[in-house]
Amino acid sequence: MELISRKERGAVVVLVKGRLDAGSSPELEKEIEKLIAGDEKHLILDMAELNYISSAGLRVILAGTKKLKSKGGSLSVTSLGSVVKEVFEVSGFNSIIPVFASADEALNKIG
Amino acid sequence: MKTIRLPAREDNLDRFTGFVSDFLAEEGFPETRIQEIVLAAEEALVNIIHYAFPALPSGEVEITCRQEGEGRSTIEFRDSGIAFDPLSLPPPDLNSPLSERKVGGLGVFLIRKMINEVRYRRDGDQNILTFLVREKRGE
């Protein structure tokens, strides 16, 4: 997995590439912790180049969403590919985590 | 029939899931279906690796893949860890709001969703979890 973060219009967009599984999820967890510690409020996970997610990845996203929300911020995900989208749907995550078609759409919602 | 046996460690996850993925590809399963089954296999393996061997050193996991007929295969996970039936876990409440949503319990739920039929049995000192898989989810 590879993480590429950029700041844009008051939010941090993290491009999550590759596989978000039991082995790589702690890395994303650390990145989210770091951003929260740096007082970032709005986080967008761009999944356009993510081709696999397991429950370990879902757990990190759920925990991050709860933390950001408790600080008045938000976490959203964008650009879900087919299998990742399916996992979001069957786990019911698409009803508790805001899902957008693109990072731009998510940024418009925050702004 | 194909079998792999390795220590129950997280650094072996890729070898285990790669083994399952290669078997299903040889059996002609479509790529998206392989990804769903590999996801379920990862969830089962992570549970075994994290919970089956609370005392060090940890034991091994053996995976056996078998063709059972046209478009049907079984994937069997065996470990000699503490008895644990993942199917005994209650399903997570998918309709609960974010604040009440539990962070755990999702792995077994995903297994149930992705695998056509899941069976567990305890045989002597072994846990045996069997996935019966078809080329389509929910058939």
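Residues numbered from 1 in each chain as written. Chains lettered and ligands numbered in written order. Predicted model: local features only at pLDDT ≥ 70, side-chain atom pairs only at ≥ 80, totals over all residues. Heavy atoms only, no water.

Caption draft 1: The arrangement of the interface of chain A and chain B in detail. The partner chain B presents 27 residues to the 24 residues of chain A that form the contact. Taken together, the two surfaces of chain A and chain B that pack against each other cover about 2,000 Å², and 61% of this comes from carbon and sulfur. Linking Glu-86 of chain A and Arg-137 of chain B is a salt bridge whose minimum nitrogen-to-oxygen distance equals 2.8 Å. The interface formed by chain A and chain B contains five residue pairs in polar contact (both at pLDDT 80 or more). Counting residues per element, the ones that place at least two in the side of chain A that touches chain B are strand S4 (50-53), helix H2 (55-70) and helix H3 (82-90) of chain A. Counting residues per element, the side of chain A that touches chain B draws most heavily on H2 of chain A, at seven residues. Here the residues of the side of chain A that touches chain B sort into 10 nonpolar, eight polar and six charged. (Contact = heavy atoms within 4.5 Å. Buried area = accessible area lost by both parts, 1.4 Å probe. Salt bridge = Lys/Arg side-chain N within 4 Å of Asp/Glu carboxyl O. Polar contact = N/O pair within 3.5 Å; in protein donor to acceptor, adjacent residues only side chain to side chain. Helix = DSSP H or I, 4+ residues; strand = E, 2+ residues; numbered from the N terminus. Nonpolar A, V, L, I, M, F, W, Y, C, P; charged D, E, K, R; others polar.)

Caption draft 2: Quick look at the pairing of strand S2 (residues 60-69) of chain B. Residue and element names in this part refer to chain B. Across six bridges, strand S1 (residues 2-7) lies against S2 in antiparallel orientation. Along S2, the bridge assignment pairs Ile-4 with Ile-63. What sits between S2 and strand S3 (residues 72-79) in their antiparallel hairpin is a turn of two residues, with Gly-71 showing a positive phi close to 70 degrees. (Pairing = 2+ DSSP bridges.)

Caption draft 3: Here's a closer look at the packing of helix H2 (residues 31-52) of chain B against helix H3 (residues 106-114) of chain B. Residues and elements named next belong to chain B. Two elements in contact, H2 and H3, have axes separated by 9 Å at closest approach and are oriented at 145 degrees. Handedness of the crossing formed by H2 with H3: left-handed. Contact with H2, carried on its side by Arg-33, Glu-36, Leu-39, Ala-40, Glu-43, Ala-44 and Asn-47, involves Gly-107, Val-108, Leu-110, Ile-111 and Met-114 of H3 and no other residues of that element. Grouping the amino acids of the contact of H2 with H3 by side-chain chemistry returns seven nonpolar, two polar and three charged. (Axes fitted to C-alpha atoms, helices over the stretch in contact; angles between N-to-C directions. Left-handed = near helix turned anticlockwise from the far one by under 90°.)

Caption draft 4: Highlighting the sheet that holds strand S5 (residues 126-134) of chain B. All names here are of chain B. Spatially, S1-S2-S3-S5-S4 is the arrangement adopted by the five strands of the open sheet, whose pairing is antiparallel. One side of each edge strand has no neighbouring strand; the edge strands of this open sheet are S1 and strand S4 (117-123). Between one strand axis and the next, the sheet turns through 15 degrees on average, direction left out of account. Pairing between S4 and S5: seven bridges, direction antiparallel.

Caption draft 5: Spotlight on the packing of H3 of chain A against H3 of chain B. Contact pair H3 of chain A / H3 of chain B: the axes reach a minimum separation of 11 Å and the direction vectors enclose 110 degrees. When the interaxial angle is binned, H3 of chain A and H3 of chain B end up roughly perpendicular. Note that H3 of chain A runs across H3 of chain B; the crossing there is right-handed. Of H3 of chain B, the residues touching H3 of chain A (which contributes Glu-86, Val-87 and Val-90 of chain A) are Phe-109, Leu-110, Lys-113 and Met-114 of chain B. Among the residues forming the contact of H3 of chain A with H3 of chain B, the class breakdown is five nonpolar, no polar and two charged. (Parallel < 35°, antiparallel > 145°, perpendicular 65-115°, else oblique.)

Caption draft 6: Layout of the side chain of Glu-31 of chain A. Residue and element names in this part refer to chain A. Within the secondary structure layout, Glu-31 lies in helix H1 (residues 25-37). Residue Glu-31 is classed as buried on the basis of its relative accessible area of 14%. Once residues lying within four places of it in the same chain are set aside, the contact partners of Glu-31 are Leu-3 and Ser-5. (Buried < 20%, exposed > 50% of the residue type's maximum accessible area, 1.4 Å probe, protein only.)

Caption draft 7: Structural detail: H3 of chain B. Across the nine residues of H3 of chain B, seven count as buried, placing the element largely inside the fold. The secondary structure elements touched by the buried residues of H3 of chain B are H2 and H3 of chain A together with H2, S4 and S5 of chain B.

Caption draft 8: Up close: the packing of aromatic side chains. Residues and elements named next belong to chain A. Going through the model one piece at a time under the given rule, you end up with two aromatic pairs over all chains. Centroid distance Phe-88 to Phe-93: 5.9 Å. Interplanar angle 85 degrees. Geometry classified as edge-to-face. With a relative accessible area of 0%, Phe-88 lands in the buried category. For the cation-ring pair, Arg-19 lies above Tyr-52, with the distance from its terminal atom to the ring centre recorded as 4.0 Å. (Phe/Tyr/Trp six-rings, centres within 6.5 Å; stacked < 30°, edge-to-face > 60°. Lys NZ or Arg CZ within 6 Å of the ring centre and 35° of its normal.)

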